[in-house]
Structure formats: structure tokens, C-alpha cells
Amino acid sequence: MLGLNHLHEGPETFEAGAPYHVGMHLAALGLLVLFVWRQLRTRRPLIELRLLANSGLSAGVIANGIAHSSMLATSLLIPF
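Computed from a predicted structure; not experimentally measured. Residues take numbers from 1 onward in each chain, read along the sequence in its written order. With the structure being a predicted model, the display of local features is reserved for residues of pLDDT at least 70 and the display and counting of side-chain atom pairs for 80 or more, all residues being used for whole-chain, interface and lining totals. Side-chain figures throughout are based on the complete set of non-hydrogen atoms in the structure, without hydrogens or water.

Participant: Would you mind going over the overall build of the protein with me for this structure?
Facilitator: Across its full length, the protein holds two helices and zero strands. Put simply, the radius of gyration uses C-alpha atoms, and a globule should come to 2.2 Å times the residue count raised to 0.38. For 80 residues, the compact-globule formula gives about 12 Å, and the C-alpha radius of gyration of the protein, at 17 Å, lies well above that figure. In terms of principal-axis extent, the alpha carbons of the protein reach across some 45 × 30 × 15 Å. The accessible surface values rely on the Shrake-Rupley method and a 1.4 Å probe; as for residues, cover is taken only from the protein chains in view. Only carbon and sulfur atoms are counted for the fraction: they give 69% of the accessible area of the protein, which is about 6700 Å². Distance from the positive charge centre (5 side chains) to the negative charge centre (4 side chains) of the protein: 32 Å. Secondary structure elements follow DSSP: runs of H or I of four or more residues count as helices, runs of E of two or more count as strands, with numbering from the N terminus. We score Asp and Glu as negative and Lys and Arg as positive, and we do not count His or the chain ends. Taken as the charge centre is NZ of Lys, CZ of Arg, CG of Asp or CD of Glu, depending on the residue.

Here it is, written out as C-alpha cells:
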């Protein structure tokens, strides 16, 4: 969410904000990779990622994510 905000100094242009926004997105991606790596190696994970190998379950999770994203997109974007 911080990568979507204009929290850096300077004009509101892509060139001025690129280091901040790209850095935030890379940090988020790195933390996501670290979370998945840790969840795959712990005895009692928060999210059992191995269950997503089942194609029926993973298709349902993806469809649910798309449905919720489309319903809540306006609620997320209105403050920005």
C-alpha cells in the first residue's frame, strides 16, 4: 500500500517517484518471498501452501480472489 501512495519529496511525476515506488514494490515482493519460504519450512504454518497443489482447491481460491478483488476494488481505490 505504501508503494501506491505519494509519500516522497518532489514533484508528482513518474521519474521523481520511481525510486521510491519501485523500492517499495521490491521490498513487498521480497517480504512475500520470505513469507512463502518460511511457511514451506515450518512444522505448523499459518497457511498450508502444499494444499494448493490440488487443482480444484487452487482454482476455487483464484476464483474467490478475483471475485473479491472486483467487488472491493472501488473501496480500495477511493481513498487514493
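Participant: It is not clear to me how the pattern of salt bridges should be interpreted in this structure. Could you clarify?
Facilitator: Think of it this way: side chains of opposite charge can pair up when their charged atoms draw near. When a carboxyl oxygen of Asp or Glu is within 4 Å of a side-chain nitrogen of Lys or Arg, the pair counts as a salt bridge. Under the defined criterion, the tally for this structure stands at one salt bridge. A salt bridge links Glu48 to Arg50; its shortest N-O distance comes to 3.7 Å.

Participant: Could you clarify how one ought to interpret the side chain of Gln39 in this entry?
Facilitator: You can see Gln39 is positioned in helix H1 (residues 14-41). Of the polar contacts made by the side chain of Gln39, one reaches the backbone nitrogen of Leu46; its length is 2.6 Å. Filtering out sequence-adjacent residues up to four positions away, Gln39 remains in contact with Pro45, Leu46, Ile47 and Leu49. Distance and chemistry together define a polar contact, namely a pair of N or O atoms within 3.5 Å, with one atom able to donate a hydrogen and the other to accept it when in protein, and with adjacent residues in sequence counting only for side-chain atoms on both sides. Contact between two residues is taken to exist if any of their heavy atoms lie within 4.5 Å; hydrogens are not considered.

Participant: When you look at a nonpolar patch on the surface in this model, what are you seeing that I'm missing?
Facilitator: Surface patches are defined over residues having more than 30% relative accessible area and no salt bridge, joining like charges when they lie within 9 Å and nonpolar side chains (Val, Leu, Ile, Met, Phe, Trp, Tyr) when within 5 Å. On the surface, a nonpolar cluster with roughly 890 Å² of combined accessible area is contributed by Val22, Leu26, Leu29, Leu32, Val33, Phe35, Val36, Leu40, Leu46 and Ile47. If you trace the backbone, Phe35 turns up in helix H1. By relative accessible area, which is 32% here, Phe35 ends up partly exposed. Whether a residue is buried, partly exposed or exposed follows from its accessible area with a 1.4 Å probe, protein chains only, as a fraction of its type maximum: under 20%, in between, or over 50%, in that order.

Participant: Looking at this model, I keep getting lost on H1. Mind explaining?
Facilitator: Residue pairs spaced three or four apart in an α-helix point in one direction, given the helix's 3.6 residues per turn. In a helix, the anticipated span is given by 1.5 Å times the number of residues less one. In this model H1 runs 39 Å from its N-terminal to its C-terminal C-alpha over 28 residues, within 8% of the 40 Å that 1.5 Å per residue would give. In this analysis the local bend is the angle between axes fitted, respectively, to the seven residues ending at and the seven residues starting at the residue. For H1, the principal kink sits at Tyr20 and spans about 25 degrees. For H1, every residue scored as buried is listed here: Gly17, Ala18 and Gln39.

Participant: Sorry if this is basic, but what is going on with the environment of Leu2 here?
Facilitator: Along the polypeptide, Leu2 turns up in the segment before H1. As for Leu2 and His21, which are separated by 19 residues in sequence, their C-alpha atoms are 8.0 Å apart.

Participant: Mind showing me how you'd approach the environment of Ser55 here?
Facilitator: Mapped onto the fold, Ser55 is located in helix H2 (residues 55-77). On a C-alpha basis, the gap between Ser55 and Glu15 in space is 42 Å, while along the polypeptide they are 40 residues apart.

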